Amino acid sequence: RNYVTFNNLPLKVTIRIFNLAGHLVRTLEKNDPSQYLQWDLTNEHRWQLGSGIYICHVEMPDIGRTKILKLAIVQPEISPR
């Protein structure tokens, strides 16, 4: 199964992932001492996302910062049976 790991994160983080049309596809929350957060490339309904460009809005309230990341996802082709 494919996934993306966000790293070098502070204690508390909210990551909102949007498609290029501006629709929110997933919200991820972290509130623990680890520096990492894994995303399994699924939306809020746990459906696998397709290949494309996604925008990640990373909110870090404890340090008063926000970052915007661009993420390219390339999913493997599914061959017909």
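Here the structure is shown first, and the text comes after it.
1. Focus: the overall build of the protein chain
Move 1: For the protein chain, the helix and strand inventory stands at 0 helices and 6 strands.
Move 2: The N-to-C order of helical and strand elements in the protein chain reads β-β-β-β-β-β.
Move 3: Within the protein chain, buried positions represent 31% of all 81 residues.
Move 4: Contacts spanning at least 24 positions in sequence make up 46% of the contacts within the protein chain whose residues lie at least 6 apart.
Move 5: Roughly 5,800 Å² of accessible area belongs to the protein chain as shown, and the carbon and sulfur atoms make up 52% of that amount.
Move 6: Each charge sign in the protein chain was given a centre, from 10 positive and 7 negative side chains, and these centres are 3 Å apart.

2. A look at the sheet that holds strand β5 (residues 52-60)
Move 1: Strand order in the open sheet formed by 4 strands is β3-β2-β5-β6, and the pairing between neighbours is antiparallel. Strands with a single pairing partner mark the edges of an open sheet, and in this sheet they are β3 (24-31) and β6 (65-73). Neighbour-to-neighbour, the strand axes of this sheet turn through a mean angle of 20°, independent of strand direction.
Move 2: Where strand β2 (residues 12-19) and β3 come together, 7 bridges link them in antiparallel fashion. Across the sheet, residue Thr-14 finds its bridge partner in β3, namely Glu-29.

3. Digging into the pattern of salt bridges
Move 1: If you walk through the whole model with that rule in mind, you get 3 salt bridges.
Move 2: A salt bridge links Arg-16 to Glu-59; the shortest N-O distance between them is 3.0 Å. Remark: Glu-59 occurs in strand β5 and Arg-16 occurs in strand β2; sequence separation between them is 43 residues.
Move 3: The class for Arg-16 is partly exposed, based on a relative accessible area of 29%.
Move 4: By relative accessible area, which is 29% here, Glu-59 ends up partly exposed.

Calculation notes
Within each chain, residue numbers correspond to sequence positions counted from 1 in written order. Residue-level local features of this predicted model are given only where pLDDT is at least 70; pairs of side-chain atoms are given and counted only at 80 or more, and the full residue set underlies all totals for whole chains, interfaces and linings. In computing side-chain properties, one takes all heavy atoms of the structure into account and sets aside hydrogens as well as water. Secondary structure follows DSSP: runs of H or I at least 4 residues long count as helices, runs of E at least 2 residues long count as strands, and numbering of each begins at the N terminus. Under the scheme applied here, a residue whose accessible area is under 20% of the maximum for its type counts as buried, over 50% as exposed, and between as partly exposed, the area being computed with a 1.4 Å probe on protein chains only. The contact criterion used is simple: two residues touch if any of their non-hydrogen atoms lie within 4.5 Å. Residue-level accessible areas treat just the shown protein chains as cover; the underlying method is Shrake-Rupley with a 1.4 Å probe. Asp and Glu are treated as the negative residues and Lys and Arg as the positive ones, with His and the ends of the chain left uncounted. Lys charges are placed at NZ, Arg charges at CZ, Asp charges at CG and Glu charges at CD. Strands pair, by our definition, only if DSSP identifies at least two bridges between them. Note on definitions: angles span 0 to 180 degrees between N-to-C directions of axes, and those axes are lines fitted to C-alpha atoms, for helices only across the stretch in contact. A side-chain nitrogen of Lys or Arg and a carboxyl oxygen of Asp or Glu constitute a salt bridge if their distance falls within 4 Å.

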